[in-house]
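Understanding the architecture of this molecule
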Amino acid sequence: MAPGGGDGRRNGEVQPVNGASKRQGCVCGFPVCACAGAAAVASAASSADMDRMAMAATATEGQIGAVNDESWVAVDLSDDLSGDSMDAGVALEDRPVFRTEKIKGILLHPYRVLIFVRLIAFTLFVIWRISHKNPDALWLWVTSIAGEFWFGFSWLLDQLPKLNPINRVPDLAVLRQRFDRADGTSTLPGLDIFVTTADPFKEPILSTANSILSILAADYPVEKNTCYLSDDSGMLLTYEAMAESAKFATVWVPFCRKHGIEPRGPESYFELKSHPYMGRAQEDFVNDRRRVRKEYDEFKARINGLEHDIKQRSDAHNAARGSDTKNGEPTAATWMADGTKWEGTWVEPAENHRKGDHAGIVLVLLNHPSHTRQLGPPASADNPLDFSTVDVRLPMLVYVSREKRPGHNHQKKAGAMNALTRCSAVLSNSPFILNLDCDHYINNSQALRAGICFMLGRDSDTVAFVQFPQRFEGVDPTDLYANHNRIFFDGTLRALDGMQGPIYVGTGCLFRRITVYGFDPPRINVGGSCFPSLGGMFAKTKYEKPGLEMTTKAAVAKGKHGFLPMPKKAYGKSDAFVDTIPRASHPSPFAAAEAAVATDEASIAEAVAVAAAAYEKKTGWGSDIGWVYGTVTEDVVTGYRMHIKGWRSRYCSIYPHAFIGTAPINLTERLFQVLRWSTGSLEIFFSRNNPLFGSTFLHPLQRVAYINITTYPFTALFLIFYTTVPALSFVTGHFIVQRPTTMFYVYLAIVLGTLLILAVLEVKWAGVTVFEWFRNGQFWMTASCSAYLAAVCQVLFKVVFRRDISFKLTSKQPSGDEKKDPYADLYVVRWTWLMVMPIIIIMVNIIGSAVAFAKVLDGEWTHWLKVAGGVFFNFWVLFHLYPFAKGILGKHGKTPVVVLVWWAFTFVITAVLYINIPHIHGPGGGKHGALAKHGGHHGKKDLDHIFYGWP
């Protein structure tokens, strides 16, 4: 049996027939499969005009972004070829479309050893702590032991999945050689792209338009690329903005193809500070760019004026026709440009036309293109842009607003994704799905091809999804709120690629459509290519699972529906939709040919029907099919449900970055974003999707990763204790450790030292900077003391009282003057109750340090070094909360003097008050207290208790 499972056949294997290499078709008829290795789809032209520019850019395609290449070495894992696979002796069909790399041994081996060294040292440290009680403050000793247990456990959960970091690099040059033909056609599979938006006011409509334009301009076969926009607001404003985007795309997309523009979001491109003329034909490019820039400025003006235009148009229509009446009350309708009433939400809400109560809408803005290239017109007086050598076809663009009715739970984004899945199946039914948030645009035109590489490689038929890292713009240079989160994306997710694969994080993820329908993988290899024996050791069946066919006679009698993994009724009452599933599924004898794209009236009506509010009633949607309901982090649990079936996932990081989004605009929005994530994680932990009880097809270390991501908010309970009690110990005189010994300091030094060395090694192989690592730790402290604690309280309240948790949409709409200061909105102070606990912790630590300082000055403590450890810990807490303090004061740029002034003022006032108000330290404290009144022996005992106490 082959290491990857199955019967050992390679994808792309060439069968010699009559002395020639001839590819054999697959009996299942699936266009991209592992049965015979064919990755061919009968289709027509691709963007052939991009080929000549791609040849010039081959050297930079597929590079790993933000990773030090010197830390990685190519390896031969499973059937994936690497290194010398491009030799002349290797057939084109056998060349892998991606290569695999591992960390060099000089980094990986010490990294693994130090993990276990630290584990042993921490175990000895805890044993010492248990054997050395503090009888003067037993409650303090018990709670501190519990906290140390939790910190060690959570560190282990975070560290173990990082034992085998893997780097996978897509090879776009090989992908073009294998799937793009000389005549401009392509055999790449179809791809449906989902973009979701919920509020055109909180999520800037211009940002959504830029995302759509970047998708339409991406380098992927035009007739295989279909874009769907889901508008949960149902507002005409969003639809008309997309209509304007479709018009501007007729200029923007050919311009991008003609000159190889990067990035292909117009707003980001025109804001580039680098010189856009380097290496280009000056006159032609400069003239085209100037003209397109003018068109874009006019496009933005139209977008910004849409709200006023819609209101003015609707008022004119209502005045001309006379207001419709219902029950004697006038109704002010909202009218489309063609003179028909808008079926969605009206500007002035009315019955059946308000948010949460409107009809379903499916409108095709750009129809499916032809399968032959269409060159544009030459330059003329009316058209100064010469597109005579450029393919001007545009991908299909569809606007979808699902039906919403009172009394139905619409399940937020998860419900929108499921509705899009059904609508797209009826219209285009591509075998792969990419989902993006409305504020994420395609920054690298090769991103779609890079993701497809991991779906077409050897042993890739068991890959459910490919996760891209999230990158953001609009973040201040110091990344004060750790929006980039590079430690998680380039560290944790990259490391999980060496196990069963990265988790699904909500956006920038490419799915195999059949995984959304609840299919099992064709085979199982729990351990992955790196640890097959470790995974298989715990699996019910090591490398194989039953087929997808349902075995009952009743199911087989239903014909093609008998191949569904669940009963037909679980998918809903639409026969048209259910009939599309076998055509997108594997293995299935009914997928002999790729389904044609249908945009006739019957198909549109069916798409509206499957997006109805009541369609999912008594079906498996949201539980066994599609995106999972019941949590605000539907992304994590949806990916988890795929992993426990035995599916794998992969991580794709390319440079330039594939997708770039918009970060939350200020500290308040960032905290609410983290609150939503952490609450969703805890909801998973308290649900039937708890990873502790997941299938044994889940890789053991993958299970550890899921346990970590569903329990990390509990850290708040212990961290708040550790950030306040040591400071209060200076006031109360009761300490966590009564009398440290030499071994205590030895264990502590090893635990802390190995942690720092592990961090340095991780920074090295993950390709992040030390500054990013520190910034991540600082915001972790802020989030733990605020959002994590709130999440724990909310979820416990939900579990006890059975009440749902509601969240507001994170606002990314700037309101300041971006021309004067592009980061002004990041520092706008918007008060929230989440800020209370961090402020309390800051004050407690300042006061605690001031009291310690006052006791030394007052003679109550005579040895500075005895309290240095506790004071250092207080300043360590304040250092981590410094970005928070800076944020709530609304300051940025250089360190604001007011922060240091307030800290110093609080410190000095506390110290002075402690020294000069006798009853604070009582009759037994200070040089005027116990030492003078009761004699030296009793005072010496009190001092020893304080001096040897380590907070």
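Note that the structure is predicted; figures quoted are calculated from it, not measured. (Residues numbered from 1 in each chain as written. Predicted model: local features only at pLDDT ≥ 70, side-chain atom pairs only at ≥ 80, totals over all residues. Heavy atoms only, no water.)

We now examine the packing of aromatic side chains. According to the stated counting rule, one finds 42 aromatic pairs in the structure shown. With centroids separated by 5.7 Å and ring planes inclined at 45°, the aromatic side chains of Phe248 and Tyr296 adopt a geometry described as tilted. With a gap of 48 residues between them, Phe248 in helix α6 (residues 236-259) and Tyr296 in helix α8 (residues 282-304) connect regions that are remote in the sequence. Of the residues examined, Tyr296 reaches a relative accessible area of 1% and is grouped as buried. When the ring of Phe873 is compared with that of Trp876, the centres are 5.6 Å apart and the planes differ by 25°; the resulting orientation is stacked. You can see Phe873 and its partner Trp876 sitting in helix α25 (residues 864-880), 3 residues apart, about one turn around the helix. Phe873 gets classed as buried once you look at its relative accessible area, which sits at 17%. On the accessibility criterion, Trp876 (33% relative accessible area) is partly exposed. Put simply, the rings of Phe248, Trp252, Phe255, Tyr269, Phe270, Phe285, Tyr296 and Phe299 pair up and form one aromatic cluster. Sitting over the ring of Trp155, Arg118 keeps its end group 4.6 Å from the ring centre. A cation sits over an aromatic face here: Arg422 above Trp621, 4.8 Å from the ring centre. (Phe/Tyr/Trp six-rings, centres within 6.5 Å; stacked < 30°, edge-to-face > 60°. Helix = DSSP H or I, 4+ residues; strand = E, 2+ residues; numbered from the N terminus. Buried < 20%, exposed > 50% of the residue type's maximum accessible area, 1.4 Å probe, protein only. Lys NZ or Arg CZ within 6 Å of the ring centre and 35° of its normal.)

This brings us to the pairing of strand β14 (residues 432-437). Across the 6 residues that make up β14, a large majority, 6, are buried. Here β14 shows two buried faces, one formed by Phe432, Leu434 and Leu436 and the other by Ile433, Asn435 and Asp437. Both β14 and strand β18 (residues 509-512) contribute to a ladder of 4 bridges, which runs antiparallel. Note on β18: the bridge partner recorded for Phe432 is Arg512. (Pairing = 2+ DSSP bridges.)

Turning to a nonpolar patch on the surface, a few remarks are in order. Together, Phe686, Leu796, Phe797, Val799, Val800 and Phe801 line one region of the surface with nonpolar side chains, adding up to about 550 Å² of accessible area. Within the secondary structure layout, Phe801 lies in helix α23 (residues 770-801). (Patch = residues over 30% accessible without salt bridge, like charges linked within 9 Å, V, L, I, M, F, W, Y side chains within 5 Å. Areas by Shrake-Rupley, 256 points an atom, 1.4 Å probe, with all protein chains shown as cover. Salt bridge = Lys/Arg side-chain N within 4 Å of Asp/Glu carboxyl O.)

Where side chains of opposite charge bring their charged atoms close, a pairing between them can arise. Under the defined criterion, the tally for this structure stands at 37 salt bridges. Note that Asp490 and Arg486 form a salt bridge whose closest N and O atoms lie 2.3 Å from each other. Of the two residues, Asp490 and Arg486 both sit in helix α12 (residues 486-496), 4 residues apart, roughly one turn of that helix. As far as burial versus exposure is concerned, Asp490 and Arg486 are alike and both buried. Of the charged contacts in the structure, one is a salt bridge between Glu772 and Arg486, with a shortest N-O distance of 3.4 Å. Linking Glu772 in helix α23 with Arg486 in helix α12, this pair joins segments that are 286 residues apart in sequence. Among the charged side chains, a salt-bridge network with shared partners connects Arg471, Arg486, Asp490, Arg494 and Glu772.

Attention now moves to the pairing of strand β16 (residues 463-467). With respect to burial, β16 is a largely interior element, 5 of its 5 residues being buried. Judged from the 4 bridges that link them, β16 and strand β19 (residues 648-651) form a sheet pairing that is parallel. By the bridge assignment for β19, Gln467 is matched with Tyr651. As paired elements, β16 and β18 share 3 bridges and run antiparallel to each other. Its bridge partner lying in β18, Val466 is registered against Leu510.

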